[in-house]
Amino acid sequence: YRKIGVLISGRGSNLAALIEACQTPDYPAEIAVVISNRPGAPGLQFAESAGIPTQVIDHKHFASRTDFDRALDDALRAAGAELVCNAGFMRLLTPEFVQLWRDRQLNIHPSLLPAFRGLDTHERAIASGVRISGCTVHFVRAEMDEGPIVAQAAVPVLPGDDAEALAARVLRAEHQLYPWAVRLVASGAAWVEDDRVVYAPDVPQPEGVT
Ligand code: GAR
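Position numbers for residues count from 1 along each chain, tracking the sequence in the order it is written. This being a predicted model, a pLDDT of at least 70 is required before a residue's local features are given, and a value of 80 or more before pairs of side-chain atoms are given or counted; all residues contribute to the totals for chains, interfaces and linings. The side-chain figures draw on all heavy atoms in the structure; neither hydrogens nor water molecules are used.

Account for the packing of aromatic side chains, with residues named and values stated.
Only the six-membered ring of Trp is used, alongside the rings of Phe and Tyr, when aromatic pairs are assigned; centres must lie within 6.5 Å, and planes under 30 degrees apart are stacked while those over 60 apart are edge-to-face, with the rest tilted. Considering all chains together, one arrives at 1 aromatic pair under this definition. Geometrically, a lysine NZ or arginine CZ counts as sitting over a ring once it is within 6 Å of the ring centre and also within 35 degrees of the ring normal. Here the guanidinium or amino end of Arg 91 rests over the ring plane of Phe 68, the centre of that ring lying 5.7 Å away.

This is how it looks when you write it as structure tokens:
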């Protein structure tokens, strides 16, 4: 999968990490298009600065989720995308869309799945008292934050952490993990079999994350 379509809704710091990775020599993928469902998403700037085509597909302009997802699919195909990466994309996709991109769509979530799916992840992690949190890159399935896990990185929850402090620590791990996981999938070193991820022999461990 050489050509990636990245879906964003906001800040785009994971997109920025992917853009940077794609600029390093020997990275096996390039970003063909960045699509935001929110006009004015700050992340669009990262793509524009890097000369990557961007598109806004505002979900508010569509009568149904099905229509919105169809527009998304059309735009991804028109750009030649072979792999879709959700990077802070905060819309639930229809089962039809998920099926079209099955095993060719990744998401990053700021917890060690299957713990703490959904929103307010860090608040809930702190409230639960876990001492380790982290992030997960997984293939997308129709259920929110579900699907075969490609990679995870762990970070400590420290005494005195609030959601913001924990989010910042997890985010640093996300920026390492997502480019690393996309490299695995794009290069064919990780793929789905029987709804679990399998790896080529001698797959390296991510740098800078445990
Ligand atoms: C990231 O922490 C990402 O893991 C999370 O939103 C943030 C987006 O930040 N995604 C989810 O919660 C998806 N369920 P970014 O726009 O700076 O990449």
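Text resumes after the structure shown.
Describe the nonpolar core, listing the residues and the values that go with them.
Among buried residues, those of type Ala, Val, Leu, Ile, Met, Phe, Trp, Tyr and Cys that are joined through side-chain atoms within 4.5 Å constitute a nonpolar core. For every residue, the accessible area (1.4 Å probe, protein chains only) is compared with the maximum for its type, and the residue is labelled buried under 20%, exposed over 50%, or partly exposed between those bounds. Of all hydrophobic cores here, the largest spans 45 residues; its most connected members are Val 6, Val 34, Cys 85, Leu 106, Val 150, Tyr 178 and Val 182. Comment: elements are numbered from the N terminus, with helices defined as DSSP H or I runs of at least four residues and strands as E runs of at least two. Here the element with the most residues in this core is helix H6 (residues 163–186); it accounts for 11 residues. Any two residues whose heavy atoms approach within 4.5 Å at even a single point are treated as in contact. In contact with Tyr 178, other than residues within four places in its own chain, are Asn 14, Leu 18, Cys 85, Asn 86, Ala 87, Leu 106, Asn 107, Ile 108 and Val 137. If you look at the next biggest cluster of nonpolar residues, it comprises 17 residues, including Phe 68, Ala 71, Leu 93 and Phe 97.

Would you mind going over the site of the ligand in detail, with residue names and values included?
We call a residue near a molecule or strand as soon as one heavy atom of that residue lies within 4 Å of the molecule or strand. In the vicinity of the ligand, the residues found are Arg 11, Gly 12, Ser 13, Asn 14, Gly 88, Met 90, Ile 108, His 109, Pro 110, Asp 145, Leu 171 and Glu 174. At 2.6 Å, a side-chain N or O of Ser 13 approaches an oxygen atom of the ligand. A distance of 2.6 Å is found between an oxygen atom of the ligand and a side-chain nitrogen or oxygen belonging to Glu 174. Considering the ligand on its own, with 450 Å² of exposed area, one finds that the protein chains cover 88% of that surface. Most atoms of the ligand, that is more than half of them, are within 2 Å of grid points of the largest pocket. Put simply, the parts of the chain that give the shell around the ligand at least two residues each are helix H1 (13–22), strand S5 (105–109) and H6. Polar contacts, as used here, are pairs of N or O atoms within 3.5 Å; protein pairs need one atom able to donate a hydrogen and one able to accept it. Residues neighboring in sequence count only if both atoms are side-chain atoms. Surface exposure here means Shrake-Rupley accessible area, sampled with a 1.4 Å probe, where a residue is shielded only by the protein chains that are shown. Computed over the protein atoms alone on a 1 Å grid, cavities are sets of points where a 1.4 Å probe fits but cannot get out and pockets are open sets with protein on both sides within 12 Å along at least five of seven lines; a residue lines them when it has an atom within 4 Å of a point. If over half the atoms of a molecule are within 2 Å of the grid points of a cavity or pocket, the molecule is regarded as sitting in it.

Give me the UniProt feature "binding site: (6R)-10-formyltetrahydrofolate" (unreviewed entry) in the chain: which residues, what numbers.
UniProt positions are given in the numbering used here, feature names are shortened, and annotations may be inferred rather than shown by experiment. Mapped onto this numbering, the UniProt entry annotates "binding site: (6R)-10-formyltetrahydrofolate" (unreviewed entry) at Arg 65, Met 90, Arg 91, Leu 92, Leu 93 and Asn 107. If you take the residues mentioned a moment ago, the ones lining the largest pocket come down to Met 90, Arg 91, Leu 92, Leu 93 and Asn 107. Its place among the elements puts Leu 92 in the loop between strand S4 (83–86) and helix H4 (95–100). Relative accessible area serves as the criterion here: at 44%, Leu 92 is assigned to the partly exposed category. Once residues lying within four places of it in the same chain are set aside, the contact partners of Leu 92 are Arg 65, Ala 142 and Met 144. Assignment of secondary structure puts Leu 93 in the loop between S4 and H4. Accessibility expressed as a relative area gives 8% for Leu 93, which makes it buried. Not counting the four nearest positions on each side in its chain, Leu 93 is found in contact with Asp 69, Leu 72, Asn 86, Val 98 and Gln 105.

Break down the side chain of Arg 141 for me, citing the residues and quoting the values.
Residue placement: Arg 141 occurs in the loop between strand S6 (132–139) and strand S7 (149–156). Side chain to side chain, Arg 141 and Asp 103 meet in a polar contact 2.6 Å long. Excluding its chain neighbours within four sequence positions, the residues that come into contact with Arg 141 are Val 98, Arg 102, Asp 103, Glu 146, Gly 147, Pro 148, Val 192 and Asp 195.

Explain H1 residue by residue, including any values.
In terms of burial, H1 is largely enclosed, as 7 of its 10 residues are buried. Of all the positions in H1, only Ser 13, Asn 14, Leu 15, Ala 17, Leu 18, Ile 19 and Ala 21 are classed as buried. As for H1, its buried residues are in contact with strand S1 (3–8), strand S2 (30–36), helix H2 (43–49), S4, S5 and H6.

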